Amino acid sequence: MPDTTPSERPTIDVMDVDLGGDVVIVTDGEGTIVDVNDAFVHVTGYSRQDAIGATPRLLSSGLQQPAIYDEMWQSVLDGAVWSGQLVDRHRDGSLRTHQVTLTPRVGPNGKVDRIIAVQRNLSHDLGRESGVPGIGSLHTDRSGRCVYVSGEAARLLGGDADALYAHGWRDRLFEDDQAAALEAVDTALETGREQRIDARTQTSNWLHLRIVPLRAPDGTDIGTSWSLEDVTDLIDLHRRLSRRDALVTALLESHEDPVAFVDPSGTILATNTAWSRTTPDEHPALATTTGDNLLERLRQMGADGDPTATEVARGVTAQITGVPATGRADRRLLATPIHSEEGGAVLRLPRTPGAT
């Protein structure tokens, strides 16, 4: 490592690239820091004397895989500009997410003799999005590597915040859901559109992930922004409803007679196969299907001149409500009230006259 002292100023004046609060670090071709700007001191907590003569490892959080640094340094040593997101650690131990651009300068001998790193802090902007109670915030770079995680996101994922950076978040999800989340990241970046998935954590909670492209101030896509919400209770409710629907279907199909399940208003919620396969010639009610309001349809048929439909409507209304029908009522369609909070009734048309 070269013996560089604060009095040895680089040939690049760091103030020439001082960009309104962005951190600027200038290193020699071997990665030794030769100058920093005032923003470096303010943002990182390290003095200029701490930095000069050291390397950028001074700021390392330990959360980046070695391959990231290998790619970064190989790019700049080849004379190419490298840009990406890194997570560094402040002198006080806190984490800082920033967008960094490394620009190499090639000297007279054809080799890189200076590297200028400009870091734009993202932590403040990202943190502003994580203030909604119950909603966690997590951000990745374009490869799906976590570069920011809020405390609420860490709680929802069931892990220590520091352990979720880089690829640590994957360990908190089941394998299939890891793959689904990474696919959503790729799709969000390719299409520029929001992606939504449900993923299960290792603690068996369900999280709803909303994944949108994350853009730098210049409009460049630099990764994705996630919001995380616990939807375990909602998914459990859906499962219970699905089991209930399956039970209703099984009960309906256990009858050879046409059977339908209606809500208190008379809207048909489900029918069995016998109901849907029987022609309306056998009974006016069979002209209706799932989603139809049985009573309204029958009344309309009666208004159109079908007296039998009017009688059926009176009979069904009487059996559902328990209020005796006025006028002649058709009683062939049997109704069994459902005694529950939702209410409703099961309607059955016995194929054999007089059957109950």
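In this text the structure is predicted, and so the values were computed from the model without any measurement.

A.B. asks: Residues and numbers for the pairing of strand E10 (residues 221-230), please.
C.D. replies: Of all 10 residues that make up E10, 8 are buried, and the element is covered over most of its length. Here 7 bridges tie strand E6 (residues 135-141) to E10, and the two strands are oriented antiparallel to one another. Considered in E10, the bridge of Asp-141 is made with Gly-223.

A.B. asks: Would you mind going over the sheet that holds strand E8 (residues 195-200) in detail, with residue names and values included?
C.D. replies: Pairing is antiparallel in the open sheet, where 5 strands are placed in the order E7-E6-E10-E9-E8. Every other strand in the sheet has two partners, leaving strand E7 (146-149) and E8 as the edge strands with one partner each. Averaged over all neighbouring strand pairs, the angle between strand axes comes to 25°, with direction disregarded. Strand direction decides the pairing type here: E6 and E7, joined by 3 bridges, are antiparallel. Within E7, the residue paired with His-139 across the bridge is Tyr-148.

A.B. asks: Break down the pairing of strand E4 (residues 95-106) for me, citing the residues and quoting the values.
C.D. replies: In the sheet, strand E3 (residues 82-89) pairs with E4 via 8 bridges, with the strands oriented antiparallel. The partner of Ser-83 across the bridge, within E4, is Thr-101. Counting the residues between successive antiparallel strands, the hairpin from E3 to E4 contains 5 residues, one of them, Gly-93, with a positive phi of roughly 100°. Relative to strand E5 (residues 112-121), E4 is paired through 9 bridges, and the arrangement is antiparallel. Among the inter-strand pairings, Pro-104 is bridged to a residue of E5, identified as Ile-115. If you look at the hairpin formed by E4 and E5, you'll find 5 residues sitting between the two strands, and Gly-110 has a positive phi there, around 85°.

Reading the values: rules and limits
Residues numbered from 1 in each chain as written. Predicted model: local features only at pLDDT ≥ 70, side-chain atom pairs only at ≥ 80, totals over all residues. Heavy atoms only, no water. Buried < 20%, exposed > 50% of the residue type's maximum accessible area, 1.4 Å probe, protein only. Helix = DSSP H or I, 4+ residues; strand = E, 2+ residues; numbered from the N terminus. Pairing = 2+ DSSP bridges. Axes fitted to C-alpha atoms, helices over the stretch in contact; angles between N-to-C directions.

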